[in-house]
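Secondary and tertiary structure notes
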Amino acid sequence: MKFVRLGDYVINVSEIQAVKKVGAGCIVFMRDESEYRISSIDDEEFENAIAYICCGGADDGKTDKG
């Protein structure tokens, strides 16, 4: 399992369906249809998390180039 930190949350990458930037924070939509609303996150932390989710968090443990 791979995890990513978004604000005060540490989330399992394989459970994330989508992430949406909203103002100074973001909403993380989960596969089980729940969501985390993060009120404040640094832009750099957000960009790093998205890069990790897209390129380093594939379910099979291999790098996802898509």
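Above this note sits the structure.
Because the structure is a prediction, the values reported are computed rather than measured.

1. Points about the overall build of the protein
- Counting secondary structure elements, the protein contains 1 helix and 5 strands.
- Listing the helices and strands of the protein from first to last along the sequence gives β-β-β-β-β-α.
- Expressed as a percentage of the 66 residues in the protein, the buried residues total 30%.
- Relative to all contacts within the protein whose residues are 6 or more apart in sequence, the contacts with residues 24 or more apart total 33%.

2. With respect to a nonpolar patch on the surface
- Together, Met-1, Phe-3 and Val-10 make up a nonpolar patch on the protein surface, roughly 370 Å² of accessible area in all.
- Along the polypeptide, Phe-3 turns up in strand 1 (residues 3-6).

3. A short note on the nonpolar core
- Leu-6, Ile-16 and Val-28 are the most contacted members of the largest nonpolar core, which totals 13 residues.
- Secondary structure elements with two or more residues in this core: strand 1, strand 4 (25-30) and helix 1 (43-56).
- Filtering out sequence-adjacent residues up to four positions away, Leu-6 remains in contact with Ile-11, Val-28, Ile-38, Ile-41, Glu-45 and Ala-49.

4. So, the pairing of strand 2 (residues 9-12)
- Alignment of strand 1 against strand 2, held across 4 bridges, turns out to be antiparallel. Note on strand 2: the bridge partner recorded for Phe-3 is Asn-12.

5. Overview of the side chain of Asn-12
- Among the structural elements, Asn-12 can be located in strand 2.
- Here Ser-14 takes part through its side chain, which lies 3.0 Å from a polar atom of the side chain of Asn-12.

Conventions we followed
Residues numbered from 1 in each chain as written. Predicted model: local features only at pLDDT ≥ 70, side-chain atom pairs only at ≥ 80, totals over all residues. Heavy atoms only, no water. Helix = DSSP H or I, 4+ residues; strand = E, 2+ residues; numbered from the N terminus. Buried < 20%, exposed > 50% of the residue type's maximum accessible area, 1.4 Å probe, protein only. Contact = heavy atoms within 4.5 Å. Patch = residues over 30% accessible without salt bridge, like charges linked within 9 Å, V, L, I, M, F, W, Y side chains within 5 Å. Areas by Shrake-Rupley, 256 points an atom, 1.4 Å probe, with all protein chains shown as cover. Salt bridge = Lys/Arg side-chain N within 4 Å of Asp/Glu carboxyl O. Core = buried A, V, L, I, M, F, W, Y, C linked by side-chain atoms within 4.5 Å. Pairing = 2+ DSSP bridges. Polar contact = N/O pair within 3.5 Å; in protein donor to acceptor, adjacent residues only side chain to side chain.

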